[in-house]
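# Notes for the structure review
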Amino acid sequence: MVPYSPPSSRGIARPVISAALLTLGALTLSACGSEDKAASADSGAAATTQVTDATGTKVKVPAAPERVVTLSEMDLDASLALGVEPVGLTAGRGQKGAPGYLADQAKSIPVVGAVTGPDIEKVVQAKPDVILAGQLADEQVLAQLRKVAPTVVTIDGTKDWKKALELTGTTLGRSEEAEKFLADYGTKAASLRTDLGSQAGASVSVARYSAKGTAVMQQGVFISDVLKDLGFERPGIQNDKGEGHSTPLSDENLDEIDGDWLFIGSLDAGTDAGLLAELAKKPAYQQLGAVRDEHATVVDGTRWTSLGGAQAAVSVLDDIRKAMVK
């Protein structure tokens, strides 16, 4: 405290008081500035988190991303399932935009690429703060993307949708939501398996039909993992791991898609509806046991026979319940 000065001496004391106050003010401002910088540093540290992506690469991402670009159908499916609407997506297989089953949820999301790869310029225009790169393996493209925003490869060699969902949940700050989704899926799958009764161990075949002909889904793809959760058997070569996403078959080998039950889909219900009708007329198709027993069901190929994802898995359970639980 500055001592009281009588009136005769206040003119001399006044500069001393001002200097003291200025010094105190400077110290206070300096302290506040230091605290602000420290708070800012703490805030910056709290605003990011590190994740290890599907390739083992450590990536620093925002703790709560707000502008997410998804570069695969599985990424789009997972993001929407976790309550995050992306600002950019890549078109699904055989689609001009989002996969058919996600079209309504994704109708306002701009397309920034195709199955063949992202359009870097469009990705930049989307101004992402994180990029979910699916199973992208092109190092040059990944390097370009990493210059735009933190980029996380979400799908490993197994293409396991559950692992991808967990990683996506961690990346988007939605781990609890991912855990809940998987728990709900597990409950729903267990309930369906019980309700299937004697059909739980049935032989189930899955095929896709297009202008190129018939293709069968083997092991190592999304739909085979879902069917495994239900305890189904798979006929013929469907027990083996395929070389690609699906294995083409000639009409002479159409019996490879036979089983106790057959689910056959196409990627474009409108365009391929006529093709499926033509397939149904072929003698080799009519002779299949599943067809004769009226155990053949046409399904949405964008959910069943594409890359798949969290919501696709749940919808497959619903389709199987409608077809096989009486």
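Higher on the page you've got the structure.
This text gives an overview of the structure that appears in the document. Computed from a predicted structure; not experimentally measured. (Residues numbered from 1 in each chain as written. Predicted model: local features only at pLDDT ≥ 70, side-chain atom pairs only at ≥ 80, totals over all residues. Heavy atoms only, no water.)

### Focus on the sheet that holds strand 10 (residues 213-216)
What counts is decided by this rule: Paired strands, as defined in this entry, are two strands with at least two bridges between them according to DSSP. Runs of H or I in DSSP of at least four residues are treated as helices and runs of E of at least two as strands, each being numbered from the N terminus. With axes taken as lines fitted to C-alpha atoms, and helix axes fitted only over the stretch in contact, angles between N-to-C directions fall between 0 and 180 degrees. The contact criterion used is simple: two residues touch if any of their non-hydrogen atoms lie within 4.5 Å.
A sheet is described by the order of its strands in space; here five strands give the open sequence 11-10-9-12-13, paired in mixed fashion. Every other strand in the sheet has two partners, leaving strand 11 (247-249) and strand 13 (296-300) as the edge strands with one partner each. Direction aside, neighbouring strands of the sheet carry axes that sit 35° apart on average. Bridging between strand 9 (residues 204-210) and strand 12 (residues 261-266) involves five bridges; their strand directions are parallel. Each residue of the ladder has a partner; that of Ala-207, found in strand 12, is Ile-264. Helix-sheet contacts for helix 12 (residues 310-324) involve strand 9, strand 12 and strand 13, and the interaxial angle to strand 12 is about 130°.

### Concerning the packing of helix 2 (residues 73-81) against helix 5 (residues 161-171)
As a reminder, the rule being used: When describing relative orientation, an angle under 35 degrees is termed roughly parallel and one over 145 degrees roughly antiparallel, while 65 to 115 degrees is termed roughly perpendicular and anything else oblique. Note: crossing handedness is left-handed where the near helix turns anticlockwise from the far helix by less than a right angle, and right-handed where it turns clockwise. Note on residue categories: nonpolar means Ala, Val, Leu, Ile, Met, Phe, Trp, Tyr, Cys or Pro, charged means Asp, Glu, Lys or Arg, and polar means any other residue, Gly included.
Viewed as axis vectors pointing N to C, helix 2 and helix 5 meet at an angle of 55°, and their least axial separation amounts to 10 Å. With respect to helix 5, the element helix 2 is oriented oblique. Of the two possible hands of crossing, helix 2 and helix 5 adopt the one that is right-handed. Counting all contacts with helix 2, which are made through Met-74, Asp-75, Ala-78 and Ser-79, the residues of helix 5 involved are Trp-161, Ala-164, Leu-165 and Thr-168. When the residues that make up the contact of helix 2 with helix 5 are grouped by side-chain class, the tally is five nonpolar, two polar and one charged.

So, to be careful, I would describe these as geometric facts and stop short of saying anything about function.
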